[in-house]
Amino acid sequence: MWYKKLHWQIVIGLFLGLAWGLLSSVIGWNEFTTDFIKPFGTIFVKLLKLIAVPLVLASLVAGVASLNDTTRLSRMGGKTVLIYMITTLLAVTIGLVTVNTFQPGKSLPQETMDSLQETYSSSLEERSSSANEVLNRGVLDFVVDVVPDNFFAAASDNSRMLQVVFVAILLGVGIIHMGGEKAKTLVTVFDAFNDVIILIVEHIMKTAPYGVFALMASLIIDLAGDDLGKALELLGALGWYSLTLVFALLLHVFLVYSTMFKVFSKDIGLFQFFKAIRPAMLLGFSTSSSSATLPVTMERVEKNLGVDEEVTSFVLPVGATINMDGTSVYQAIAAVFIAQALGMDLTIAQQLMIVATATAASIGAAGVPGAGIVMLVVVLETIQVPTAGIALILGVDRILDMCRTVVNVTGDAAVAYVVASTEGLLNEPNFDD
Ligand code: ASP
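Residues numbered from 1 in each chain as written. Predicted model: local features only at pLDDT ≥ 70, side-chain atom pairs only at ≥ 80, totals over all residues. Heavy atoms only, no water.

The subject of this paragraph is the overall build of the protein chain. Within the protein chain, the secondary structure is distributed over 19 helices and zero strands. Scaling as 2.2 N^0.38, a compact globule of 433 residues should have a C-alpha radius of gyration of about 22 Å, and the protein chain matches this with 22 Å. Burial status across the protein chain gives 54% buried among its 433 residues. Restricting the contact set of the protein chain to residue pairs at least 6 apart, pairs at least 24 apart contribute 84%. Across the protein chain, the 24 positively charged side chains and the 37 negatively charged ones have centroids separated by 7 Å. (Helix = DSSP H or I, 4+ residues; strand = E, 2+ residues; numbered from the N terminus. Rg over C-alpha atoms; globule rule 2.2 N^0.38 Å. Buried < 20%, exposed > 50% of the residue type's maximum accessible area, 1.4 Å probe, protein only. Contact = heavy atoms within 4.5 Å. Lys, Arg positive; Asp, Glu negative; His and termini not counted. Charge placed at Lys NZ, Arg CZ, Asp CG, Glu CD.)

This paragraph deals with the nonpolar core. Counting 137 residues, the largest nonpolar core has Y241, F273, L305, I354, L376 and I393 as the members making the most contacts within it. Among the elements that line this core, the one with the most residues is helix 19 (residues 394–423), at 16 residues. In contact with L305, not counting residues within four places along its chain, are I268, F273, A276, I277, R300, Y417, N427 and P429. (Core = buried A, V, L, I, M, F, W, Y, C linked by side-chain atoms within 4.5 Å.)

Now for the site of the ligand. Near the ligand you find 16 residues, and of these S290, T327, G372, D401 and R404 are the closest. Between an oxygen atom of the ligand and a main-chain N or O atom of G372, the distance comes to 2.7 Å. Between the ligand and the protein, one listed contact pairs an oxygen atom with a side-chain N or O atom of N408 at 2.8 Å. Burial of the ligand by the protein chains amounts to 100% of its free accessible area of 270 Å². At the level of elements, helix 18 (371–382) and helix 19 are the ones that each hand at least two residues to the shell around the ligand. With four residues, the top contributor of residues to the shell around the ligand is helix 19. Across the shell around the ligand, the residue classes tally to five nonpolar, nine polar and two charged. (Near = heavy atom within 4 Å. Polar contact = N/O pair within 3.5 Å; in protein donor to acceptor, adjacent residues only side chain to side chain. Areas by Shrake-Rupley, 256 points an atom, 1.4 Å probe, with all protein chains shown as cover. Nonpolar A, V, L, I, M, F, W, Y, C, P; charged D, E, K, R; others polar.)

Moving on, we come to helix 19. With 30 residues, helix 19 extends 42 Å from end C-alpha to end C-alpha; this agrees with the ideal 44 Å at 1.5 Å per step. The largest bend in helix 19 amounts to roughly 35° and is located at L400. Extensive coverage of helix 19 is indicated by the burial of 27 of its 30 residues. Positive backbone phi, at 65°, marks G424, one or two positions downstream of helix 19. (Expected span 1.5 Å × (residues − 1). Bend = angle between axes of the 7 residues up to and from the residue.)

Of note in the backbone geometry, Q103 takes a positive phi value of approximately 45° without being a glycine. Among the secondary structure elements, Q103 is positioned in the loop between helix 3 (71–102) and helix 4 (110–120). Since its relative accessible area comes to 29%, Q103 is described here as partly exposed. Non-glycine residue Q384 carries a positive phi angle of around 60°. Following the sequence through the fold, Q384 ends up in the loop between helix 18 and helix 19.

In this section: the environment of A366. For A366, the position within the fold is in the loop between helix 17 (348–364) and helix 18. Given a relative accessible area of 30%, A366 falls into the partly exposed group. Sequence separation between A366 and N158 is 208 residues; the distance between their C-alpha atoms is 9.3 Å. Excluding residues within four positions of it along the chain, A366 makes contact with M324 and A371.

Time to look at the side chain of N304. The residue N304 is located in the loop between helix 14 (290–303) and helix 15 (309–322) in this model. N304 gets classed as buried once you look at its relative accessible area, which sits at 5%. When residues no more than four places from it in sequence are discounted, the contact partners of N304 are A276, E299, P429, N430 and D432.

Scanning the entire structure with this criterion turns up three cavities of 30 Å³ or more. The calculated volume of the largest cavity comes to roughly 60 Å³. T327, A366, V368, D401 and N408 are the residues nearest the centre of the largest cavity, which is lined by 15 residues in total. For the lining of the largest cavity, the elements supplying multiple residues, two or more each, are helix 18 and helix 19. Sort the elements by how many residues they give to the lining of the largest cavity and helix 19 lands first, with four residues. The residue inventory of the lining of the largest cavity, partitioned by class, reads five nonpolar, eight polar and two charged. (1 Å grid on protein atoms, 1.4 Å probe; cavity = no way out; pocket = protein on both sides within 12 Å on 5 of 7 lines; lining within 4 Å. Points joined across faces, edges and corners; volume = space filled by probe spheres on them.)

Our next topic: the pattern of salt bridges. The tally for this structure, following the rule as stated, stands at eleven salt bridges. In this structure, R75 and E423 form a salt bridge, with 2.6 Å as the shortest nitrogen-oxygen distance. Here R75 is found in helix 3, whereas its partner E423 is found in helix 19, with 348 residues between them in sequence. Judged by relative accessible area, which is 45%, R75 ranks as partly exposed. Residue classification places E423 among the buried positions, given a relative accessible area of 9%. (Salt bridge = Lys/Arg side-chain N within 4 Å of Asp/Glu carboxyl O.)

On the surface, a cluster of nonpolar side chains totalling about 670 Å² of accessible area is made up of M1, W2, Y3, W8, I12 and L16. Inspection of the secondary structure puts W8 in helix 1 (residues 6–27). (Patch = residues over 30% accessible without salt bridge, like charges linked within 9 Å, V, L, I, M, F, W, Y side chains within 5 Å.)

Within the secondary structure, F40 is located in helix 2 (residues 30–65). Since its relative accessible area comes to 54%, F40 is described here as exposed. Between the C-alpha atoms of F40 and A292, which are 252 residues apart in sequence, the distance is 15 Å.

None of the figures reported here should be taken as evidence of function without further support.
This is the structure we're talking about:
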């Protein structure tokens, strides 16, 4: 039966959650939903996050330690970063071309702008101060941050995934150099640890339909509050901006990823690729967090897409941290939208500056909800557009965050497939659930 398949159950959970959220707003059950339904969504996301660090550590140590030669690792690393950079640059470019073509900012009535600025200006401060911290950092601080000074501190914070990757590579390479029986034992231990974690991910995923239901229901009441009409009105006012962004995200997926598949994949097409990673895409949408989705992305790409663990264990955690194509598209569109709405015409030089800063900003953005809008402040500061302008888009940002996170997750999976294909590390795919 179709509805027994996991991805359909997640879709059903998503729509039922949506319906429940709307119903609670209309008939006044918000308190019940917040007290008794929302916690299940929170627990679900916590479980996914809980599993991410051990999974990355175990799979990457096992992957690196079983390599016959470490040159493959550095080659794969270079390739991964290069492809991530290229896809990000393409994403920003697609965003810029789309926003300059549709010009959504020019159609925003002054009256709507005034009321948006008034409603959201109080939420600006927090984001601006986080952005200022980023702006005050040195160029090489990003590299310094990759090296932890305490393993437990690195493993205690999911946003420090690159530090965990660093430790895992160090440990893996150490095991190779040590060699002998003890090294074999360590590899077996990490391998077994990895297998058991994958099993736990599969169990957690069985609860995904309920988790997604709870997440969607609480999201809707958070957005709509007690005044659903006002929320819908806001969505309508920013409709053209939202549509432009969604269109550009789709364009990026169908243009860039499908070209990548045509060039690098002999066996499967873009739609089969989607089929394999559906649950990860749905979770990216419901959680708005590529970090929380990481364990599921790793499981699906390895088990269903057939990408060897050697690739997934390295490419995906790095991607969840530095590769955010959806966020890049969004930053280009949002920056130009705000400038247009404020009546500023951006010069070519300013637009080129957006390409550079949005690329860097998406690399610096963490894979958590709302990270993109903090980094947008950095982009706006660089092109000298008033940062107060983000008040214009805050009202719809949560929903658009969900859409851009799907693209972030899809991009990581696509690059993992391409890297595996060029390294000859593709196994038999499995398109069943
Ligand atoms: N929520 C996004 C992610 O986790 C980041 C963003 O806010 O753009 O990938």
